[in-house]
Amino acid sequence: MLAPAGLALLASAALSPAALAQGQEINVYSSRHYDTDRELYDTFTRETGIRIRLIEGDADQLIQRIRTEGANSPADVLITVDAARLARAKEAGILHPVQSEVLTSRIPANLRDPEGHWFGVSKRARVIMYDRQAGRPEGLNRFEDLADPRFRGQICVRSASHPYNTSLTGSVLAANGPEATEAWARGLANNMARPPQGGDRDQFRAIPSGQCKLAIANTYYLGGMLTSQRAEDREIAQRIGVIFPNQGEGDRGAHVNISGAGVVRTAPNAAGAQRFLEYLTSPRAQEIFAVGNMEYPVVADAPVHPALAGFGSFREDQLNAGIYGANSAEALRIMQRAGWR
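Residues numbered from 1 in each chain as written. Predicted model: local features only at pLDDT ≥ 70, side-chain atom pairs only at ≥ 80, totals over all residues. Heavy atoms only, no water.

A. The packing of helix α4 (residues 59–69) against helix α5 (residues 83–91), seen in detail. At their nearest, the axes of α4 and α5 sit 10 Å apart, and the two run at 10° to each other. As judged from the angle between their axes, α4 and α5 are roughly parallel. For the pair α4 and α5, the contacting residues are A59, D60 and I63 in the first and R85, R88 and A89 in the second. When grouped by side-chain class, the residues that make up the contact of α4 with α5 number 3 nonpolar, no polar and 3 charged. (Axes fitted to C-alpha atoms, helices over the stretch in contact; angles between N-to-C directions. Helix = DSSP H or I, 4+ residues; strand = E, 2+ residues; numbered from the N terminus. Parallel < 35°, antiparallel > 145°, perpendicular 65-115°, else oblique. Contact = heavy atoms within 4.5 Å. Nonpolar A, V, L, I, M, F, W, Y, C, P; charged D, E, K, R; others polar.)

B. Structural detail: the pattern of salt bridges. Here the structure, examined in full by the defined rule, presents 25 salt bridges. Here D60 makes a salt bridge to R88, at a shortest N to O gap of 2.4 Å. Here D60, found in helix α4, pairs with R88, found in helix α5; they are 28 residues apart in sequence, far enough to count as distant. According to the relative accessible area criterion, D60 is partly exposed, its value standing at 36%. (Salt bridge = Lys/Arg side-chain N within 4 Å of Asp/Glu carboxyl O. Buried < 20%, exposed > 50% of the residue type's maximum accessible area, 1.4 Å probe, protein only.)

C. Seen up close, the nonpolar core. Formed by 74 residues in total, the largest nonpolar core has its most connected members in L78, F204 and F276. Among the nonpolar cores identified, the runner-up in size contains 22 residues, and I155, A160, I216 and I243 belong to it. (Core = buried A, V, L, I, M, F, W, Y, C linked by side-chain atoms within 4.5 Å.)

D. Spotlight on the packing of aromatic side chains. What the rule picks out here adds up to 10 aromatic pairs. With 6.1 Å between their ring centres and 35° between their planes, Y41 and F276 make a pair best called tilted. Residue Y41 is located in helix α3 (residues 36–48), and its partner F276 is located in helix α12 (residues 270–279); the two are separated by 235 residues in the primary sequence. Pairwise contacts between aromatic rings join Y34, Y164, Y220 and Y221 into one cluster. The ring centre of Y220 lies 4.0 Å from the NZ or CZ of R124, which sits over that ring. (Phe/Tyr/Trp six-rings, centres within 6.5 Å; stacked < 30°, edge-to-face > 60°. Lys NZ or Arg CZ within 6 Å of the ring centre and 35° of its normal.)

E. The arrangement of unusual backbone geometry in detail. Non-glycine residue N246 carries a positive phi angle of around 55°. Considering the arrangement of structural elements, one finds N246 in the loop between β8 (240–243) and β9 (256–264). Even without glycine at this site, M294 takes up a positive phi of about 60°. Mapped onto the secondary structure, M294 falls in the loop between α13 (283–293) and β10 (296–297).

In short, the description is geometric, and any link to function would need to be established separately.
Rendered as structure tokens:
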């Protein structure tokens, strides 16, 4: 028989946080489809004892699924790429505001919802890229310069409807207003070398092939090609140079987009969900995002992959991601009217 002291020790162990976490789980609905994210989930489970049940899908489909499931939804956390989708989730009323000193102290204000509905956990810069063999084009220092007629027939970019482009244009809209933004979008459309098509990697491939001289793309994709196992991809990527736009004194800085997460309003395990969000800002999680998946960390002192560091340092636009996300619908209408399809 255990002595009283032994009984007290056993009770204490049974009530420890690690022990209490055993048997718990959270349901994560994610539109991120990266092998490195598995390490995020496995590390969280090892550290907390909370298991993760992962449901993957398209962001809009996951948002609609949570709405349809209503109060019976098993979803605890929604993770998605692009601020426009996070804004859409907030507007749909499926996210619960979180008050967390950990999150607000680690994540800069421009990368989180002011009311705590969502929090950025990684960043990608959307920049201008060029053929290094031809040299950096003169007079190309700002996103606005892409509308200059001197670049007629030179630009490759994916379709206007992609959230990366609607968020970028949403940031231009916030900076310059609707009339100037439409004029910019029209000028950019007139300067395209071909109709918008493909993904960001396709724009890189079009540069060495001579189809275009400039591309609008995310740093994440170029970093991935630089470290690809395919020699052909590495050769193409090594030919691509990066321009971080709007870096001049008094200018707003380069546009960055985010991957972000929020606690679902009807979360069965809201406490575990918040703990997971806080974990995503931890040194280990930020290292997995940055070094494992070619994304910029949101926490200032986290490491950056050497391939991304090789692009150089830059100053980012401090516009809150929620603003350009909310602007995305109007941005798309402007782009389509301007001929960017």
